[in-house]
There are 2 protein chains.
Amino acid sequence: MKYLEDLIREKGKILPGDILKVDSFLNHQIDVKVMSEIGKEFASLFKEKAIDKVLTIETSGVAIAQATSLNLDNQPVIYAKKTEHKNISYDCYMCSEKSYTNGNEYIVKVAKSYLNKGENILIIDDFLANGEALNALLSICKQAEVNVVGVGIVIAKMYQPGYERIKKQYGDIEILAKIKSMSTEGTIEFE
Amino acid sequence: MKYLEDLIREKGKILPGDILKVDSFLNHQIDVKVMSEIGKEFASLFKEKAIDKVLTIETSGVAIAQATSLNLDNQPVIYAKKTEHKNISYDCYMCSEKSYTNGNEYIVKVAKSYLNKGENILIIDDFLANGEALNALLSICKQAEVNVVGVGIVIAKMYQPGYERIKKQYGDIEILAKIKSMSTEGTIEFE
């Protein structure tokens, strides 16, 4: 998605630790117009699929998933919750995740009542680096016995293990901006 | 907003500790159509105001703020971040907040670069109970020297101290569903 690549080049900041900061339009501050363009693009990529629900993970996935649903058929959006507390909830599907950005370990949870066996789920998220968050969502979908009909990611660092790791488990993954390399001098190359 | 009151009566669950659970449509699972109705209502209530940005707090405020912006002029949405870690960030406005739902204390943060002195801000949030989250957002707005031109809340428990507390600091507050009383037997009365 050329529009998004240009925006990342213009507004993204590369921080030490190979972190791409896009919080002026994607997370923290949300550019609602950009969100709508992203939503339209995902809707066009997945329009042939039967989709019952859109699943994402808090917080940065919420606006993207909502924009996607608005451009499909207003399917319910479910956002998995992240918590550092390890209390077991028997009414939730759970999986642990280690954050790429801050190294913290989280428990990812979805209430069992919102994922019903056999439903068709589109997974949407903002970033793919090591694939921890996505892996947790796929594990939750497996526990719930739902069908993952597609995975849509806004930005992926293709040189990190996440893409291959997820691709192996689940083939149908769409990425809007594929980063081939980036340097702290501010250069970003896309595939 | 009659539509919302009916929905809360139909789908809300009252839990011990005076908690109203509406996570089948407002948070956790998001009914995108309900969100659009809420967005239209806030847009109509605040349409006369000059609004530069919509400010909310993660996670449950994000979808509501986005729906509101989409029905106004696609203003940027900023979501304050909550963290349990007390590291000081010099590039953020910060305020502490104690959650009504789980009693945990959080630091609420907004990057200084996204709130500019003199900007007109509409604050949007899902719930008002004791007013801790809203109070943190108002404190951040004060630190940033921005003008709060309106506060929109989806559901308020009017019998708790939050409403009066916020009203005293800031007069122009719009609430879509004003709960007068609720009981664990499932009865909810609106004002």
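In this text the structure is predicted, and so the values were computed from the model without any measurement. (Residues numbered from 1 in each chain as written. Chains lettered and ligands numbered in written order. Predicted model: local features only at pLDDT ≥ 70, side-chain atom pairs only at ≥ 80, totals over all residues. Heavy atoms only, no water.)

All names here are of chain A. Packing of helix H4 (residues 132-144) against helix H5 (residues 162-169) brings their axes to within 9 Å, and their N-to-C directions diverge by 15 degrees. As the angle between them shows, H4 and H5 are arranged roughly parallel. In the crossing of H4 with H5, the sense of the turn from one axis to the other is left-handed. For the pair formed by H4 and H5, the contact residues are Glu132, Leu134, Asn135 and Leu138 on the first element and Arg165, Ile166 and Gln169 on the second. A breakdown of the residues in the contact of H4 with H5 according to their chemical character gives three nonpolar, two polar and two charged. (Axes fitted to C-alpha atoms, helices over the stretch in contact; angles between N-to-C directions. Helix = DSSP H or I, 4+ residues; strand = E, 2+ residues; numbered from the N terminus. Parallel < 35°, antiparallel > 145°, perpendicular 65-115°, else oblique. Left-handed = near helix turned anticlockwise from the far one by under 90°. Contact = heavy atoms within 4.5 Å. Nonpolar A, V, L, I, M, F, W, Y, C, P; charged D, E, K, R; others polar.)

Turning our eyes to something else, we now look at unusual backbone geometry. Residues and elements named next belong to chain A. That bond from Glu58 to Thr59 is cis: its omega, -10 degrees, falls within 30 degrees of zero. On the secondary structure map, Thr59 appears in the loop between strand S4 (53-57) and helix H3 (61-71). In this model, Asp18 sits at a positive phi of 60 degrees, which is unusual for a non-glycine residue. Mapped onto the elements of the fold, Asp18 is located in the loop between strand S1 (13-15) and strand S2 (19-21).

Here we come to the pattern of salt bridges. Residues and elements named next belong to chain A. Here the structure, examined in full by the defined rule, presents 15 salt bridges over all chains. Among the ionic pairs, Lys40 bridges to Glu37, the shortest N-O distance being 3.3 Å. Taken together, the residues span about one helical turn, with Lys40 and Glu37 both in helix H2 (residues 32-46) at a distance of three residues. (Salt bridge = Lys/Arg side-chain N within 4 Å of Asp/Glu carboxyl O.)

Two quantities define a packed helix pair, namely the angle between the axes and the distance from one axis to the other. All names here are of chain B. Direction vectors running N to C along helix H1 (residues 2-11) and helix H2 (residues 32-46) enclose 145 degrees, while the axes themselves pass 10 Å from each other. Crossing hand, H1 versus H2: left-handed. Between H1, through Tyr3, Leu4 and Leu7, and H2, the contact on the second element is made entirely by Lys33, Val34, Glu37 and Ile38. A per-class count over the contact of H1 with H2 returns five nonpolar, no polar and two charged.

Moving on: the side chain of Asn27 of chain A. With respect to the helices, strands and loops of the structure, Asn27 of chain A is situated in the loop between S2 and strand S3 (29-30). Here Asn27 of chain A falls in the buried class, since its relative accessible area comes to 12%. Of note is the side chain of Asn27 of chain A, whose polar atom sits 3.4 Å from the side chain of Asp126 of chain A. Once you skip the residues sitting within four places of it in the chain, Asn27 of chain A turns out to touch Val22, Ser60, Asp126 and Phe127 of chain A together with Tyr79 of chain B. (Buried < 20%, exposed > 50% of the residue type's maximum accessible area, 1.4 Å probe, protein only. Polar contact = N/O pair within 3.5 Å; in protein donor to acceptor, adjacent residues only side chain to side chain.)

Turning chain A through 180 degrees and shifting it by 0.0 Å along the axis lays it on chain B, with an RMSD of 0.0 Å. Considering both components of the superposition, the chain copies are consistent with a two-fold axis. Comparing interface residues between copies, 100% of those in chain A also sit at the interface in chain B, which points to an isologous, same-surface contact. (Least-squares fit on C-alpha atoms with pLDDT ≥ 70 in both.)

Moving on, we get to the interface of chain A and chain B. Chain A puts 35 residues into the contact, and the matching count from chain B is 35 residues. Between chain A and chain B lies a buried interface of about 3000 Å² when both sides are counted; carbon and sulfur atoms form 55% of it. If you sort the residues of chain A by the area they bury against chain B, His28, Val32 and Gln66 of chain A come out on top, with a joint share of 26%. Applying the counting criterion to the chain A and chain B interface returns zero salt bridges. The tally of links between chain A and chain B comes to 15 residue pairs in polar contact (both at pLDDT 80 or more). Contributions of two or more residues to the side of chain A that touches chain B are made by S3, H2, H3, strand S5 (77-83) and strand S7 (105-111) of chain A. Examining the composition of the side of chain A that touches chain B, we find that six residues originate from one element, H3 of chain A, more than from any other. In the side of chain A that touches chain B, the residues fall into 15 nonpolar, 13 polar and seven charged. Examined bridge by bridge, S5 of chain A and strand S3 (residues 29-30) of chain B share two bridges and lie antiparallel to one another. Bridged to Ile78 of chain A within S3 of chain B is Gln29 of chain B. (Buried area = accessible area lost by both parts, 1.4 Å probe. Pairing = 2+ DSSP bridges.)

Turning our attention to the pairing of strand S9 (residues 147-157) of chain A. Residues and elements named next belong to chain A. Within S9, 10 of the 11 residues are buried, which leaves the element mostly enclosed by the surrounding structure. Relative to S9, strand S8 (residues 120-128) runs parallel, the two being bridged by eight bridges. Following the sheet pairing, Phe127 is matched in S9 by Ile155. One crossover worth recording links S8 to the parallel S9 by way of H4, and it is right-handed. Note that S9 and strand S10 (residues 173-182) share six bridges and pair parallel. Bridging across to S10, Ile153 finds its partner in Ile175. (Right-handed = clockwise from strand over helix to strand, strands pointing away.)

Side chains that are three or four residues apart share a direction in an α-helix, a result of its 3.6 residues per turn. Residue and element names in this part refer to chain B. Burial in H1 covers these residues: Leu4, Glu5, Leu7 and Ile8. Taken down its axis, H1 places every buried residue within 160 degrees of arc, on the same side. Projecting away from the buried face of H1 at angles above 90 degrees are the exposed residues Lys2 and Glu10. Tucked inside the fold, the buried residues of H1 contact strand S2 (19-21), H2, strand S9 (147-157), strand S10 (173-182) and strand S11 (188-190). (Arc of directions from axis to C-beta.)

To continue, consider the packing of aromatic side chains. Taken as a whole and assessed by the stated rule, the structure comprises two aromatic pairs over all chains. Seen from the ring of Tyr106 of chain A, Lys82 of chain A lies directly overhead, with NZ or CZ sitting 5.2 Å from the centre. (Phe/Tyr/Trp six-rings, centres within 6.5 Å; stacked < 30°, edge-to-face > 60°. Lys NZ or Arg CZ within 6 Å of the ring centre and 35° of its normal.)

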